[in-house]
Structure formats: structure tokens, C-alpha cells
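Here are the chains, one letter per residue:
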Amino acid sequence: MKHKITLRNGKRSFSAWSSHPQTLLGEPLAYERVIFLLHGFPDNNDSYNEMTPILKSHFEGRKEKSVLIIAPLMRGYEALSQGQSNEYCMYELAQDVLVWIQEVNPQKNLPVHIVGHDWGAIVAFKTASKYPELITSMVTLAIPYMTNLRPWHFLWYFPKQIWCLSYMLRMQSALFYRPAFGDVCKPGYLDSLWRFWSPDWDFSREIEPVRQTLAEPGVLDAATAYYRNLIPWKNLQEFGWPVDFEKVPTLILGGEKDGCMLAALYDLESRLLASTPRVKVQVLNGVGHFLHREDSVKVSELVCDWFDKYDLWAVGVSSGLRAGQAYAHAKSVS
């Protein structure tokens, strides 16, 4: 059963889909692990509709333990979470996630996992970078790690990627993105982005709720503000999102046919991260940018396997095992 709940961060409130009702959030013994599902752009929290029952069935059916799954609307995707145009920096979005985690895991005694797609993946990286002690493990979708890349990587390895990201220039001014999107309730630029990013996917049904979300007052301006705040001019030290994968084990998934983030990026990341423990880069065949929507079963299976493995790893560490022993223990039972 899917419950509509409200999460908060100060004056902002965020609608979310949850496996548990509002009254059970933060209650002892109500659940034994937490999974946050963070959506990207241009999308909404319906993005995980197909994955949620698979995750719930896996964790509750096999282990007979309750799992709290929450898919929030990200900052700006509704009137009550909107703010000034310069309030969409990654560290501010990560603070939203911090407060949500504190609300549902006040004793800091439960495994907390994150799945993030597109901008949700970047927010996941940033949250893990700033608050690693609160996250057990995470899976990012459709966005490589990237914070370890340099301009010459793009120029030398894949100049085509620069062209694929040129759409971001349009998001820098309402003079460009508003005419492009036009009436989002009608087929147009929104459809073109989805089609280019996931060329073999029939999204005719899935795109309709997203149209409705982006058509709400202020949402298009807020959602595109993420691009205008990617470089946090008011706090430049917050640029980037370096993650200590020893503390936050991470699975980075991409789509072979992604027209936004090319598979070549993941190939490079795989080489750059090859010697780093507890991080894995994997490209899935036959899917594009919306890989979790296109093949929800496969992505869910990979997510469940990863969370199972590092849920046990975290339990081993908390019970007093050395990190190496805990990792070996988790590996032996995963």
C-alpha cells in the first residue's frame, strides 16, 4: 500500500510516497531499514512506481522484516518546497535529505540506503560526501561519479559528451527554457529530451504525470534552477561531491543507450575507480537514461543485491567486527 506523507526541512514541506503512514515515521520497531528514492529531471517521484513493490517484496518477503521506502518530491517540485532562485545548490538539497534521514531514523540505529536517479543521483553523491555516517550504502542511476573527472577527460575521451550536455545551456535562462518547453501539457521539448535520452523506450504513459508536475506554478523554474546552481557561487567550497566509498559503498549504474550520459563515461569511471574498494560501475544493455523505468526488474535486482551486501557489512561493523572481517562476512552471504 502506498501512503502519501509529508517530510519537512524548516519552512519547506515535501510530499512523498511512503510504504508506511505518517504516524509511524520515526517510531521504534515500526521498520528495520530505510530506503530513500530520489528522482531526477525532468521527472517526479512516480519515477519509482515500478521499483517500489519489488524492493518491498524482496526485503519483507525474504527476511520478514519491515522496510520503510520513501520517494519524495525533490525541492522545488511543488509550491510548498520552493524558495529563492539561488536556493537549489547541491549542498542545500543534501541538507533536505539529511533532515529526512534524521526524521525517520532518529536513533541512528537503522541501515539507511539511497537510490538516486539523474539529479537525484547527484544529490545522493553530495549527501554521502557531507554526511557519510548516516548512509549505509547507495545506488546511483544515469549519472557517473564525475567529480573525479577533469576537463581534458571530456576533450580527449569523448567530445560527443560535451554536445550531449549542451542542453544545460538552455536551462541557464528563462528566455531560453520557457519557450523551449512551451505548454508542457502538450507533446514538445519535454518529449524530445526523453526520446533522445532513452531512444528505444515507449514512455507515452509514464510521461503524463510528469507533464502535470512541471505544469504546476513555479515548478519548471525551480527544477531548472538546479542547473543554474550547479556551481555554488555563494559558497564555492561546496563545489563537487567527493565520496569516501569506504564509508558509503556505492553502485553506479548507467544505460548503454543513454543519450544524456554516454556509456563511454562509465567505461572511464570504471578504470578510474578500479582500485577503489566498495564501489562498482556497471552499464546495463538495452536501456537508456531512464533505466530504472525501462527495466525496473533488473535495476531492482541489482539494488537489492547491493543493499543486502552492505546492510550485512554495516551490521558486522556495528557489532564489533573489523571492517575487513565484516566485508568478508557480507560477501560470503550475499
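Quick caveat: nothing in here was measured; it's all calculated off a predicted structure.

1. Structural notes on helix 10 (residues 219-228)
Point 1. Judged by how many residues are buried, helix 10 sits mostly within the fold: eight of 10 residues are covered.
Point 2. Of the residues making up helix 10, those classed as buried are Val-219, Leu-220, Ala-222, Ala-223, Thr-224, Ala-225, Tyr-226 and Tyr-227.
Point 3. Elements in contact with the buried residues of helix 10: helix 2 (90-104), helix 3 (119-130), helix 6 (167-170), helix 7 (174-181) and helix 9 (207-215).

2. Details of a nonpolar patch on the surface
Point 1. A cluster of nonpolar side chains, namely Ile-231, Trp-233, Leu-236 and Phe-239, defines an oily patch on the protein surface of about 470 Å² accessible area.
Point 2. Structurally, Ile-231 is set in the loop between helix 10 and strand 7 (250-255).

3. Thoughts on the confidence of the model for the protein
Point 1. Of the residues in the protein, 92% reach a pLDDT of 70 or more, and the chain-wide mean stands at 91.
Point 2. Below a pLDDT of 50 lies the segment residues 315-334, which in the model reaches 18 contacts outside its immediate sequence neighbourhood of four places, other chains included.

4. Observations regarding the sheet that holds strand 1 (residues 3-9)
Point 1. Taken together, the eight strands give an open sheet; going across it, the order is 1-2-4-3-5-6-7-8, and neighbouring strands pair in mixed fashion. Each end of this open sheet is capped by a strand with a single partner; those strands are strand 1 and strand 8 (279-284). Ignoring strand direction, the axes of neighbouring strands in this sheet form an average angle of 20°.
Point 2. Direction of pairing for strand 6 (residues 137-141) relative to strand 7: parallel, over a ladder of four bridges. From the neighbouring strand, Met-138 faces strand 7, where its bridge partner is Thr-250.
Point 3. Helix-sheet contacts for helix 2 involve strand 1, strand 2 (12-18), strand 3 (33-38), strand 4 (67-72) and strand 5 (112-117), and the interaxial angle to strand 1 is about 115°.
Point 4. Its contacts with the sheet put helix 11 (residues 263-272) on strand 7 and strand 8, and the angle it makes with strand 8 is roughly 155°.

5. As for the pattern of salt bridges
Point 1. If you walk through the whole model with that rule in mind, you get 13 salt bridges.
Point 2. Notably, a salt bridge pairs Asp-43 with Arg-293, separated by 2.7 Å at the nearest N-O pair. Taken as a pair, Asp-43 in the loop between strand 3 and helix 1 (51-62) and Arg-293 in helix 12 (residues 291-294) lie far apart in primary sequence, 250 residues in all. This pair shows no difference in class: Asp-43 is buried, exactly as Arg-293 is.
Point 3. A salt bridge links Glu-60 to Lys-56; its shortest N-O distance comes to 3.1 Å.

Reading the values: the criteria
- Residues numbered from 1 in each chain as written.
- Predicted model: local features only at pLDDT ≥ 70, side-chain atom pairs only at ≥ 80, totals over all residues.
- Heavy atoms only, no water.
- Buried < 20%, exposed > 50% of the residue type's maximum accessible area, 1.4 Å probe, protein only.
- Helix = DSSP H or I, 4+ residues; strand = E, 2+ residues; numbered from the N terminus.
- Contact = heavy atoms within 4.5 Å.
- Patch = residues over 30% accessible without salt bridge, like charges linked within 9 Å, V, L, I, M, F, W, Y side chains within 5 Å.
- Areas by Shrake-Rupley, 256 points an atom, 1.4 Å probe, with all protein chains shown as cover.
- Salt bridge = Lys/Arg side-chain N within 4 Å of Asp/Glu carboxyl O.
- pLDDT = per-residue confidence, 0-100.
- Pairing = 2+ DSSP bridges.
- Axes fitted to C-alpha atoms, helices over the stretch in contact; angles between N-to-C directions.

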